[in-house]
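Topology and contacts: notes
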Amino acid sequence: MTSPPLPTPTLHTSRLRLRPFEEADSDDLFALQSDATVLRYWDSPPWTDRARADLFVTQSRELAEEGLGARLAVERAADGAFIGWCTLNSWNPVFRSASLGYCFGEAVWGNGFATEAARAVLEWAYDTLDLNRVQAEADTRNIASARVLEKLGFVREGTLREDCVVEGVVSDSWVYGLLRRDWRPPSG
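To keep things clear, this report deals only with the structure shown in the data block. Quick caveat: nothing in here was measured; it's all calculated off a predicted structure. (Residues numbered from 1 in each chain as written. Predicted model: local features only at pLDDT ≥ 70, side-chain atom pairs only at ≥ 80, totals over all residues. Heavy atoms only, no water.)

Ranked by size, the top nonpolar core spans 40 residues in total, and within it Leu18, Leu88, Leu100, Phe104, Leu122, Leu131 and Phe154 carry the most contacts. Those elements giving two or more residues to this core turn out to be strand E2 (16-20), strand E3 (70-76), strand E4 (82-92), strand E5 (97-104), helix H3 (113-128), strand E6 (133-139), helix H4 (143-151) and strand E8 (169-179). In this structure, Leu32, Ala53, Val57 and Ala73 belong to the second largest nonpolar core, which totals 14 residues. (Core = buried A, V, L, I, M, F, W, Y, C linked by side-chain atoms within 4.5 Å. Buried < 20%, exposed > 50% of the residue type's maximum accessible area, 1.4 Å probe, protein only. Helix = DSSP H or I, 4+ residues; strand = E, 2+ residues; numbered from the N terminus.)

Set out below in structure tokens:
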């Protein structure tokens, strides 16, 4: 059973523009996803093949066409610079659930961009998709990502023990959940 298409929104915050991926994003995307520092807690190794970026952009469009979620490029509103991406995927309209993910370049870490972008995606998702639950995972070593999720109201629900093995390194992941009744949309 195929879900109806889910058009990828364009969202605006005070400092960011979140929009559908375009082919022109491939170079910036490859630079982000091939950065070993950025991906040190990721569930796959850094990209080494430039074609992965083109595939990612194509898969972002397919995610929307298949009605499974939305993956958005994130750029600074001030200068239009690509700084990362945010996704809501695994949308299940029957269970009223989805998963949240994001990835940002090291140069913008510590500025609240991940929290701001994820909050915009969550606001859109709760308003548009009648969600009851959003789930997210973070490597237990990635304290910064855990803080982002907790700032958004996610509750740590458990640990997936040794759920990832990347280039021989075994790691655990925390599972977080955000229920509709606990969601606090931005005021104003």
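Right, picking up where we left off after that structure.
Now for the environment of His12. The residue His12 is located in strand E1 (residues 11-12) in this model. Under the relative-accessibility criterion, His12 is labelled exposed at 59%. Along the primary structure His12 and Arg50 are separated by 38 residues, whereas in three dimensions their C-alpha atoms are 29 Å apart.

What follows deals with the layout of surface pockets. Taken as a whole, the largest pocket spans an internal volume of roughly 1,100 Å³. Forming the walls of the largest pocket are 42 residues, and the residues nearest its centre are Trp42, Tyr102, Glu137, Asn142 and Ser145. Class assignment of the residues belonging to the lining of the largest pocket gives a composition of 20 nonpolar, 14 polar and eight charged. (1 Å grid on protein atoms, 1.4 Å probe; cavity = no way out; pocket = protein on both sides within 12 Å on 5 of 7 lines; lining within 4 Å. Points joined across faces, edges and corners; volume = space filled by probe spheres on them. Nonpolar A, V, L, I, M, F, W, Y, C, P; charged D, E, K, R; others polar.)

It is worth spelling out H3 at this point. Relative to the 22 Å expected for 16 residues at 1.5 Å per residue, H3 spans 22 Å between its end C-alpha atoms, a close match to the ideal helical length. Here H3 lies mainly inside the structure; 12 of its 16 residues are buried. Every buried residue of H3 is accounted for by Phe113, Ala114, Thr115, Glu116, Ala117, Ala118, Ala120, Val121, Leu122, Trp124, Ala125 and Tyr126. Phi turns positive, to about 55°, at Asp130, one or two residues after H3. (Expected span 1.5 Å × (residues − 1).)

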